[in-house]
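# Coordinate analysis (summary)
Each chain, written out:
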Amino acid sequence: METPFIAAFVLGALVLFFAYLGGLSRPSEPSDYLFYESLQQLGELGRAKYRQSHHYRTFARRAEADSLHRVAVLFRAMAEAEGVQCENCRRAIESLGGRFHTPVVVAAEAFPVHIHLQSALQTKAEQHEGIIRRSVQRAIDEGNKYVARMLTWCDASDLKQILILQREVERIAEGGTPQYRVCPTCGNFIEEELHTHFCPHCMTASEEFLVFE
């Protein structure tokens, strides 16, 4: 009986030892650095943008499968905008001393396209009234103009997407060949008819815009 007991004791000691080493290599998130609350909310938004980017690509594939090309183009452009904004959140967090934790993405369920449109619209509206509003106010209260400016860029892009989603929900079966442009620097979402020579947010030249059509 002594040999199994000793083996179990040694195994348990090794597990605890390696867990201790793992804890040293991954220190707990500090809570005393400047702009802590802003960075926590920025991380929440960045993770939401990351998930949405993946989900919108899935929605685009479903729309193409249903021969709804105009909706697929919209979702692909939205996915790109979310990806750019997620990366901006990550860079902001790390430049201010925090760490961005990439979330696990649960695959989106396959619903009819009009359900995906309504889901995206609801998520955007809740994000606009919830996390972005709180995050901008927190950044302003903390005097962090860098984060506040970046978040207002995200919000402005989201508001455009909300208006377009509302329109597409009403005329989902329409044809046409829409064109959207996404600023690769700030993720600004631009419709072709509102095309400008420079991004009104970050001044990126229009020649660098990513085109979806």
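Let us look at the structure shown here. From a predicted model like this one, the values you see are computed outputs, not experimental measurements. (Residues numbered from 1 in each chain as written. Predicted model: local features only at pLDDT ≥ 70, side-chain atom pairs only at ≥ 80, totals over all residues. Heavy atoms only, no water.)

### Here's the deal with the packing of aromatic side chains
Two aromatic rings, taken as a pair, are described by how far apart their centres are and by the angle between their planes. What counts here: Classification of ring pairs rests on two measures: the distance between centres of Phe, Tyr or Trp rings, Trp counted by its six-membered ring, which must be within 6.5 Å, and the angle between planes, read as stacked under 30 degrees, edge-to-face over 60 and tilted in between.
Scanning the model with the defined rule gives four aromatic pairs in all. What links up through ring pairs into an aromatic cluster is the set Tyr-56, Phe-59 and Phe-75.

### Examining the side chain of Gln-41
Selection rule: For helices the rule is a DSSP run of H or I covering at least 4 residues; for strands it is a run of E covering at least 2, with both sets numbered from the N terminus onward. The cut-offs for exposure are 20% and 50% of the maximum accessible area for each residue type, with area from a 1.4 Å probe on protein chains only; residues under the lower value are buried, those over the upper are exposed, and the others partly exposed.
Mapping Gln-41 onto the fold places it in helix H2 (residues 36-65). Taking relative accessible area as the criterion, Gln-41 reaches 14% and is therefore assigned buried.

### A short note on the sheet that holds strand E2 (residues 189-191)
To keep things clear, this is the line we draw: Here, strands pair whenever DSSP counts at least two bridges between them. In this description, a line fitted to the C-alpha atoms serves as the axis of each element, helices being fitted only across the stretch in contact, and the angle between N-to-C directions of two axes falls anywhere from 0 to 180 degrees. Residue contacts are counted whenever heavy atoms from the two residues lie within 4.5 Å of one another.
Spatial strand order, E2-E1-E3: three strands in an open sheet with antiparallel pairing. Taken across any chain shown, the strands that pair with only one partner, and hence form the sheet edges, are E2 and strand E3 (210-212). Between one strand axis and the next, the sheet turns through 25 degrees on average, direction left out of account. In this fold helix H3 (residues 69-95) packs onto strand E1 (180-182), E2 and E3, with an angle of close to 10 degrees to the strand it touches most, E1. Docked against the sheet, helix H6 (residues 145-170) engages E1 and E2, running at close to 45 degrees with respect to E2.

### Some points on the environment of Pro-184
On the secondary structure map, Pro-184 appears in the loop between E1 and E2. Pro-184 sits in the partly exposed class, given a relative accessible area of 32%. Sequence-wise, Pro-184 and Phe-209 are 25 residues apart; in three dimensions their C-alpha atoms are separated by 6.2 Å. With sequence-adjacent residues up to four places away left out, Pro-184 is seen in contact with Val-84, Thr-204, Glu-208, Phe-209 and Leu-210.

### Considerations on the pattern of salt bridges
Note the threshold: What counts as a salt bridge is simple: a side-chain nitrogen of Lys or Arg found within 4 Å of a carboxyl oxygen of Asp or Glu.
Per the counting criterion, the structure on display carries 15 salt bridges. In this structure, Arg-134 engages Glu-44 in a salt bridge whose closest nitrogen and oxygen atoms are separated by 3.9 Å. You can see Arg-134 sitting in helix H5 (residues 131-141) and its partner Glu-44 sitting in helix H2, a full 90 residues away along the chain. On the accessibility criterion, Glu-44 (36% relative accessible area) is partly exposed. Of the charged contacts in the structure, one is a salt bridge between Glu-94 and Arg-90, with a shortest N-O distance of 2.6 Å. Here Arg-90 and Glu-94 lie together in helix H3, a separation of four residues that amounts to about one turn.

### Focus on the packing of H3 against helix H4 (residues 113-129)
This is how it is decided: A clockwise turn of the near helix away from the far one marks a right-handed crossing, whereas an anticlockwise turn of less than a right angle marks a left-handed crossing. Residues were grouped as follows: Ala, Val, Leu, Ile, Met, Phe, Trp, Tyr, Cys and Pro as nonpolar; Asp, Glu, Lys and Arg as charged; and all remaining residues, including Gly, as polar.
Their axes nearest at 12 Å, the elements H3 and H4 cross at an angle of 30 degrees. Relative to H4, the crossing made by H3 is left-handed. Contacts between H3 and H4 involve Val-71, Leu-74, Phe-75, Met-78 and Glu-82 on the former and, on the latter, Val-113, His-116, Leu-117, Ala-120 and Lys-124. The residue inventory of the contact of H3 with H4, partitioned by class, reads seven nonpolar, one polar and two charged.

### Here we look at H4
Counted only if it meets this: To estimate how far a helix should extend, the number of its residues minus one is multiplied by 1.5 Å. An arc is given here, and it is the one of the directions from the helix axis to the C-beta atoms.
Here H4 is 17 residues long and its end C-alpha atoms lie 25 Å apart, about the 24 Å a rise of 1.5 Å per residue gives. Those residues of H4 lying buried are Val-113, His-116, Leu-117, Ala-120, Leu-121, Lys-124, Gln-127 and His-128. End-on view of H4: buried residues confined to an arc of 135 degrees, all on one side of the axis.

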